[in-house]
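# Close look at the chain arrangement
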Amino acid sequence: EKRKTLSFNFIHESSKTITEKLLSNFNFSNKSIHLFYPIKTKKEINTWFIHKQLINQNCIFYTSVHNQKKNTWDCIQFDPKVDFTETTFKVPVPVKYLNSLYTEIDIIIIPLLAFDNDGNRIGYGKGIYDKIISNLNPNCIKIGVSFFEGEKEKIQTQIHDKKLDYCQTTNKLYKFI
């Protein structure tokens, strides 16, 4: 509910601040980076700011696309300068890409709704991020990005829920490892 009340100006400015702090806290140079791109109507963090900054850091870019036949989310690699289109879910995806593996990713940046001080997170309720995280290599760094600070109360988890290693907000980098 809190996210629904956010103004587009707040989202824009907070997304820029999160990007600046994220880039000052981590070295992304020459890394394989997985980004999720924002659905405009969902008032999500604008990860396009991160995308634009990482183009100059010699990163290899990855994202996920929905495979309708298998009803799974597949890992893809793409040139960061390629055009994007929207899927039926309004998810931005590159128009040209190569199929890849989640095990090739060094750092994944995960937008979320809420998180606690133990690295538990609440995503968007479909378990998509948990399935993707399950397929990452064990050394992959999992960084959440959030408009809101950590919840004081512990988030109730289920056996399939996967924790973050870090979460970047406008005010703070939370470390869970």
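Notes on the structure follow.

Definitions and cut-offs
Residues numbered from 1 in each chain as written. Predicted model: local features only at pLDDT ≥ 70, side-chain atom pairs only at ≥ 80, totals over all residues. Heavy atoms only, no water. Helix = DSSP H or I, 4+ residues; strand = E, 2+ residues; numbered from the N terminus. Rg over C-alpha atoms; globule rule 2.2 N^0.38 Å. Buried < 20%, exposed > 50% of the residue type's maximum accessible area, 1.4 Å probe, protein only. Areas by Shrake-Rupley, 256 points an atom, 1.4 Å probe, with all protein chains shown as cover. Lys, Arg positive; Asp, Glu negative; His and termini not counted. Charge placed at Lys NZ, Arg CZ, Asp CG, Glu CD. Salt bridge = Lys/Arg side-chain N within 4 Å of Asp/Glu carboxyl O. Pairing = 2+ DSSP bridges. Contact = heavy atoms within 4.5 Å. Axes fitted to C-alpha atoms, helices over the stretch in contact; angles between N-to-C directions.

On to the overall build of the chain, then. What the chain contains, in helices and strands, is three helices and 12 strands. For 177 residues, the compact-globule estimate of 2.2 N^0.38 gives 16 Å, and the C-alpha radius of gyration of the chain, at 15 Å, lies within 12% of that figure. Here the C-alpha coordinates of the chain stretch approximately 40 × 35 × 30 Å along the principal axes. In the chain, buried positions account for 47% of the 177 residues. Of the roughly 10,100 Å² of accessible surface on the chain, a fraction of 49% belongs to carbon and sulfur atoms. Side chains of the chain carry 25 positive and 18 negative charges; the gap between the two charge centres is 2 Å.

The next point concerns the pattern of salt bridges. In total, this model carries three salt bridges according to the counting rule given. We note a salt bridge from Lys154 to Asp118, for which the minimum N-O separation is 3.2 Å. With Lys154 in the loop between β10 (141-145) and β11 (166-168) and Asp118 in the loop between β8 (114-115) and β9 (121-122), the pair connects residues that are 36 residues apart, well separated along the chain. Looking at Lys154, the relative accessible area reads 56%, which means it is exposed. In this structure, Arg121 engages Asp130 in a salt bridge whose closest nitrogen and oxygen atoms are separated by 2.5 Å.

Our focus in this paragraph is the sheet that holds strand β12 (residues 173-175). Across the sheet, eight strands lie side by side as β6-β3-β2-β1-β7-β10-β11-β12; this open sheet has mixed pairing. The strands lining the two open edges of the sheet, one partner per strand, are β6 (98-99) and β12. Pairing of β10 with β11, which is carried by three bridges, proceeds in the parallel orientation. Its bridge partner lying in β11, Gly144 is registered against Cys167. Where helix α1 (residues 8-25) meets the sheet, it contacts β7 (107-111), β10, β11 and β12, and its direction lies at approximately 140° from that of β11.

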